[in-house]
Amino acid sequence: RIVPIKGQIVTLSAPRPLNVMLRGGGVYLASRADGRVDAGATSERGIQDLQIDPAAIDGLCAKAGALAPDLSRAWPIASRVGVRPGSPDHAPILGASALGARVFLAAATHRNGVLLAPLLADVVADGIIGESQAGDWLDALSAGRFHT
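This text gives an overview of the structure that appears in the document. These numbers were taken from a predicted model, which means no experiment stands behind them. (Residues numbered from 1 in each chain as written. Predicted model: local features only at pLDDT ≥ 70, side-chain atom pairs only at ≥ 80, totals over all residues. Heavy atoms only, no water.)

Mapped onto the elements, threonine 42 comes out in the loop between strand E4 (37–40) and strand E5 (44–45). Within polar-contact distance, the side chain of threonine 42 engages the backbone nitrogen of glutamine 8 at 2.8 Å. A distance of 3.1 Å separates polar atoms of two side chains, one belonging to threonine 42 and the other to glutamate 44. Not counting residues within four places of it along the chain, the set of residues in contact with threonine 42 comprises Lys6, Gly7, Gln8, Ala56, Leu60 and Arg111. (Helix = DSSP H or I, 4+ residues; strand = E, 2+ residues; numbered from the N terminus. Polar contact = N/O pair within 3.5 Å; in protein donor to acceptor, adjacent residues only side chain to side chain. Contact = heavy atoms within 4.5 Å.)

In this section: helix H2 (residues 113–129). For H2, with 17 residues, the first-to-last C-alpha span of 23 Å sits near the 24 Å given by 1.5 Å per residue. When the local axis directions of H2 are compared, the greatest deviation, roughly 35 degrees, occurs at leucine 119. Close packing links the buried residues of H2 with strand E7 (93–97), strand E8 (100–107) and helix H3 (134–140). Backbone geometry just downstream of H2 places glycine 130 in the positive-phi region, at approximately 85 degrees. (Expected span 1.5 Å × (residues − 1). Bend = angle between axes of the 7 residues up to and from the residue.)

Our focus in this paragraph is the pairing of E4. Burial along E4 is two-sided: the face carrying Val37 and Ala39 and the face carrying Asp38 and Gly40 are both buried. Across four bridges, strand E3 (residues 27–31) lies against E4 in antiparallel orientation. Residue pairing in the sheet places serine 31 in a bridge with valine 37 of E4. Hairpin connection between E3 and E4: a loop of five residues separates the two successive antiparallel strands, and glycine 35 in this loop has a positive phi of roughly 95 degrees. (Buried < 20%, exposed > 50% of the residue type's maximum accessible area, 1.4 Å probe, protein only. Pairing = 2+ DSSP bridges.)

In total, this model carries seven salt bridges according to the counting rule given. Residue aspartate 38 is joined to arginine 32 by a salt bridge in which the shortest nitrogen-to-oxygen separation is 3.4 Å. Exposure remark for aspartate 38: the relative accessible area of 11% places this residue in the buried category. Across the salt bridge formed by arginine 36 and aspartate 34, the nearest N and O atoms sit 2.6 Å from each other. (Salt bridge = Lys/Arg side-chain N within 4 Å of Asp/Glu carboxyl O.)

Structure below.
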């Protein structure tokens, strides 16, 4: 049930450093240590090719300029593309797999993998050693939720 989700991001020149992270209007803006700004990201469900789409990059640039007017004068320096794993309901898949109780899953975190990693690791570890507090999370996020 894991589906590919293509995402594209563009790095922009910045006339002035952006000292905050901004999110709105279908884009997020994150400053880099060198003063450039990352604008991202597209989210194209069911697409797994790694081709950069110039129209998508142009769209991100326009959204960045609308959110932070200084960036309307910025130019794209680089763009990147990747494919993330997602689930049909956008929630991660956790818990014992169909391969048996000794094979645990922590998958399909979509764009939140880095943010969710510590929490998911704790829940899976607690589930492996049988801690009861993990049960509710593991039941709710089990791959079995897709078998109705």
